[in-house]
Amino acid sequence: MRKNHLRNNIRRRHALAGIESMTRLWSNPESEEVAHNAGTTLIAIARRNRVRIPRRIRMRICRTCKKALNSTNSKTRIKMKCVVVSCLDCGRVHRYYGGV
Ligand SMILES: [Zn+2]
């Protein structure tokens, strides 16, 4: 049981390193296709290994179209004490409650 726990720790550390390198590709990409693939892989790694994507990245990625959200392709509003970020490309709405 103990051994398994340690193995999981190592696996998660590797997953985080993978997420980190994918983030580098995703944030300054050579083309749109590279950015899209990096975003897809980043989310897939996090889901498969059950690790959380760091908040600074999580809040900037659209989970439907995997694009980086910025001021040109998203809309940020505050409604009922909640930060609402809408993706203008696919229409997905991300809501962040409290302590953001
Ligand atoms: Zn989107």
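Residues numbered from 1 in each chain as written. Predicted model: local features only at pLDDT ≥ 70, side-chain atom pairs only at ≥ 80, totals over all residues.

Draft legend 1. Molecular detail of the sheet that holds strand β2 (residues 82-87). Spatial strand order, β1-β2-β3: 3 strands in an open sheet with antiparallel pairing. Whereas interior strands pair on both sides, the edge strands pair on one side only; in this sheet they are β1 (74-79) and β3 (93-97). Taking the axes of each pair of neighbouring strands and ignoring which way they run, one obtains an average angle of 20 degrees across the sheet. (Pairing = 2+ DSSP bridges. Helix = DSSP H or I, 4+ residues; strand = E, 2+ residues; numbered from the N terminus. Axes fitted to C-alpha atoms, helices over the stretch in contact; angles between N-to-C directions.)

Draft legend 2. Representation of unusual backbone geometry. The phi torsion at R50 lies on the positive side, around 55 degrees, for a residue other than glycine. Inspection of the secondary structure assignment puts R50 in the loop between α2 (32-49) and α3 (55-58). In this model, K81 sits at a positive phi of 60 degrees, which is unusual for a non-glycine residue. On the secondary structure map, K81 appears in the loop between β1 and β2. For K81, a count of 7 C-beta atoms within 10 Å puts it in the exposed group. (Buried ≥ 20, exposed ≤ 12 C-beta atoms within 10 Å, placed from the backbone.)

Draft legend 3. How the structure looks around the domain arrangement of the protein. The domain architecture assigned to the protein consists of domain 1 (1-58) and domain 2 (61-100). The straight-line distance from the C-alpha centre of domain 1 to that of domain 2 is 21 Å. Listed as interface residues are 9 residues of domain 1 and, on the opposing side, 5 residues of domain 2. Of all the secondary-structure elements, those providing two or more residues to the side of domain 1 that touches domain 2 are α1 (2-27), α2 and α3. (Domains from an automatic or database assignment. Contact = placed C-beta atoms within 7 Å.)

Draft legend 4. Seen up close, the environment of R13. Among the structural elements, R13 can be located in helix α1. Judged by local crowding, R13 falls into the exposed class, with 12 C-beta atoms found within 10 Å. Taking the C-alpha atoms as reference points, R13 and N49, 36 residues apart in sequence, are found 9.8 Å from one another.

Draft legend 5. How the structure looks around the environment of N37. Checked against the element boundaries, N37 lands in helix α2. Classification of N37 by C-beta neighbours within 10 Å gives partly exposed; the count is 16. Measuring from C-alpha to C-alpha, the distance between N37 and R95 comes to 24 Å, with 58 residues separating the pair along the chain.

Draft legend 6. Summary view of the packing of α1 against α2. Where α1 meets α2, the axes come as close as 9 Å, and the angle between the chain directions of the two elements is 165 degrees. Considering their axes alone, α1 and α2 lie roughly antiparallel with respect to each other. Considering only the axes of α1 and α2, their crossing is left-handed. Along its contact with α1, which presents R11, R12, A15, G18, I19, M22, T23, L25 and W26, the element α2 presents V34, A35, A38, G39, T41, L42, I45, A46 and N49. A breakdown of the residues in the contact of α1 with α2 according to their chemical character gives 11 nonpolar, 5 polar and 2 charged. (Parallel < 35°, antiparallel > 145°, perpendicular 65-115°, else oblique. Left-handed = near helix turned anticlockwise from the far one by under 90°. Nonpolar A, V, L, I, M, F, W, Y, C, P; charged D, E, K, R; others polar.)

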